[in-house]
Amino acid sequence: MPAYDTGTDGGEDTADLDLPPDLTGAPAPYEVENGHRDGPDLLDRVADWGPVPTPVGVLHLVPVRPERDLSLITTWMNDPVVDAFWLLAGPAERTAAHLAGQLDGDGRSVPCLGVLDGLPMSYWEIYRADLDPIARYYPSRLHDTGLHVLIGSAEDRGRGVGAALLRATADLVLRNRPRCSRVVAEPDVRNAASIAAFRAAGFRTAGEAELPDKRAALMIKDR
């Protein structure tokens, strides 16, 4: 299980704001149609959640399509700052195999692009933490939902973007998954920037867990 990197501070709850017509979605090719993926839906239709305003722009979580997105995600994975925690640098085939493990699975994890004001700038994995191997390492609850995130562009790191998007995404999860009582994350304890971003986004540190490939800080945001 790889570890993960994100941005830093900032953010506020703006989930109830009405968007003007020109801010209600991402332009092609990142437009998504409402609907269900084939097979079981364990995450309450992430593709249908739609855009949400944040202090840094309008965020839309768009489920990954490898034929469209593989090259971009591979580029991000080969950034040394990202690779230090994701450990997925290498050819596109390596990234493709990582994505396939989710896209061809049972729906317990949905990989997404974070499209901000129409531009893809982050990669997300929304996953059922209670159905993930991590559930063996902390007192999980039914429908716990986990977040993994990386910020793709260096210019978006270290200036509050990560925390603003984390807050907005956690709020999206809780609004669209009524059976979920909390959002969880498990950044590497060495990743001080990531931990600070989760705290700024309203997560609390609930302890540490010794995972197979890292010592993780358990971060939780309650409903």
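Placed above this text is the structure.
Residues numbered from 1 in each chain as written. Predicted model: local features only at pLDDT ≥ 70, side-chain atom pairs only at ≥ 80, totals over all residues. Heavy atoms only, no water.

Q: Can you tell me about the packing of aromatic side chains, naming the residues and giving the values?
A: Applying the stated criterion across every chain yields a total of two aromatic pairs. For the ring pair phenylalanine 198 and phenylalanine 203, a centre distance of 5.0 Å and an interplane angle of 80° mean the geometry is edge-to-face. Like phenylalanine 203, phenylalanine 198 is buried. (Phe/Tyr/Trp six-rings, centres within 6.5 Å; stacked < 30°, edge-to-face > 60°. Buried < 20%, exposed > 50% of the residue type's maximum accessible area, 1.4 Å probe, protein only.)

Q: So what's going on with the pattern of salt bridges? Residues and values would help.
A: Summed over the entire model, instances satisfying the criterion amount to 16 salt bridges. We note a salt bridge from lysine 214 to glutamate 186, for which the minimum N-O separation is 2.6 Å. Within this pair, whereas lysine 214 is found in strand E8 (residues 214-222), its partner glutamate 186 is found in the loop between strand E6 (182-185) and helix H5 (192-200), the two being separated by 28 residues in sequence. Residue glutamate 186 is classed as buried on the basis of its relative accessible area of 3%. Salt bridges here are not isolated pairs; linked through shared partners, they connect Asp44, Arg177 and Arg179. (Salt bridge = Lys/Arg side-chain N within 4 Å of Asp/Glu carboxyl O. Helix = DSSP H or I, 4+ residues; strand = E, 2+ residues; numbered from the N terminus.)

Q: Describe the nonpolar core, and please don't skip the residues or the numbers.
A: If you look at the biggest cluster of nonpolar residues, it comprises 34 residues, and the most contacted ones within it are Leu61, Trp124, Ile126, Leu147, Leu166 and Phe203. Within the residue set of this core, elements represented by two or more residues are strand E2 (57-63), strand E3 (109-116), strand E4 (119-128), strand E5 (145-151), helix H4 (161-176), E6, H5 and E8. A per-element tally of this core places H4 first, with nine residues. Residues within four places of isoleucine 126 in sequence aside, it is in contact with Leu43, Trp49, Leu61, Arg108, Ser109, Val110, Thr145, Gly146, Leu147, Thr169 and Val173. Val62, Leu70, Leu99 and Leu113 belong to the second-largest nonpolar core, a separate cluster that totals 14 residues. (Core = buried A, V, L, I, M, F, W, Y, C linked by side-chain atoms within 4.5 Å. Contact = heavy atoms within 4.5 Å.)

Q: Account for unusual backbone geometry, with residues named and values stated.
A: Despite not being glycine, leucine 87 shows a phi value in the positive range, around 60°. The residue leucine 87 is located in the loop between helix H2 (80-86) and helix H3 (92-103) in this model. Classification of leucine 87 as partly exposed rests on a relative accessible area of 44%.

Q: I'd like a description of the side chain of histidine 148, backed by residues and values.
A: Topologically, histidine 148 is positioned in strand E5. Overall, histidine 148 belongs to the buried group, its relative accessible area being 6%. One polar contact links histidine 148 to glutamate 186, side chain to side chain, over a distance of 2.5 Å. (Polar contact = N/O pair within 3.5 Å; in protein donor to acceptor, adjacent residues only side chain to side chain.)

Q: Residues and numbers for the environment of alanine 170, please.
A: Relative to the helices and strands, alanine 170 resides in helix H4. Owing to a relative accessible area of 0%, alanine 170 belongs among the buried residues under this scheme. Setting aside its immediate chain neighbours within four residues, alanine 170 contacts Leu147, Val183, Phe203 and Lys221.

Q: Could you give an account of H4, naming the residues involved and the relevant values?
A: Taking 1.5 Å of rise per residue, 16 residues should cover 22 Å, and H4 covers 22 Å from first to last C-alpha, within 8% of that figure. With 14 of 16 residues buried, H4 lies mostly within the body of the structure. (Expected span 1.5 Å × (residues − 1).)

Q: So, the packing of helix H1 (residues 66-77) against H3: which residues are in play, and what are the values?
A: Two elements in contact, H1 and H3, have axes separated by 9 Å at closest approach and are oriented at 120°. One finds that H1 runs oblique with respect to H3. Our pair here, H1 against H3, has a crossing hand that is right-handed. On the side of H1, the interface is formed by Pro66, Leu70, Ile73, Thr74 and Met77, while H3 contributes Ala92, Thr95, Ala96, Leu99 and Leu103. A class-by-class count of the residues in the contact of H1 with H3 yields eight nonpolar, two polar and no charged. (Axes fitted to C-alpha atoms, helices over the stretch in contact; angles between N-to-C directions. Parallel < 35°, antiparallel > 145°, perpendicular 65-115°, else oblique. Left-handed = near helix turned anticlockwise from the far one by under 90°. Nonpolar A, V, L, I, M, F, W, Y, C, P; charged D, E, K, R; others polar.)

Q: I'd like a description of the sheet that holds E8, backed by residues and values.
A: On the basis of which strands lie adjacent, the open sheet formed by eight strands has the order E1-E2-E3-E4-E5-E6-E8-E7 and mixed pairing. Two strands close off the open sheet at either side, each with one partner strand: strand E1 (52-54) and strand E7 (204-211). Within the sheet, the average angular offset between the axes of one strand and its neighbour, ignoring direction, is 30°. Along the sheet, H4 makes contact with E1, E2, E3, E4, E5, E6 and E8, crossing E4 at roughly 45°. (Pairing = 2+ DSSP bridges.)

Fair warning: the whole summary comes from geometry, so function is off the table for now.
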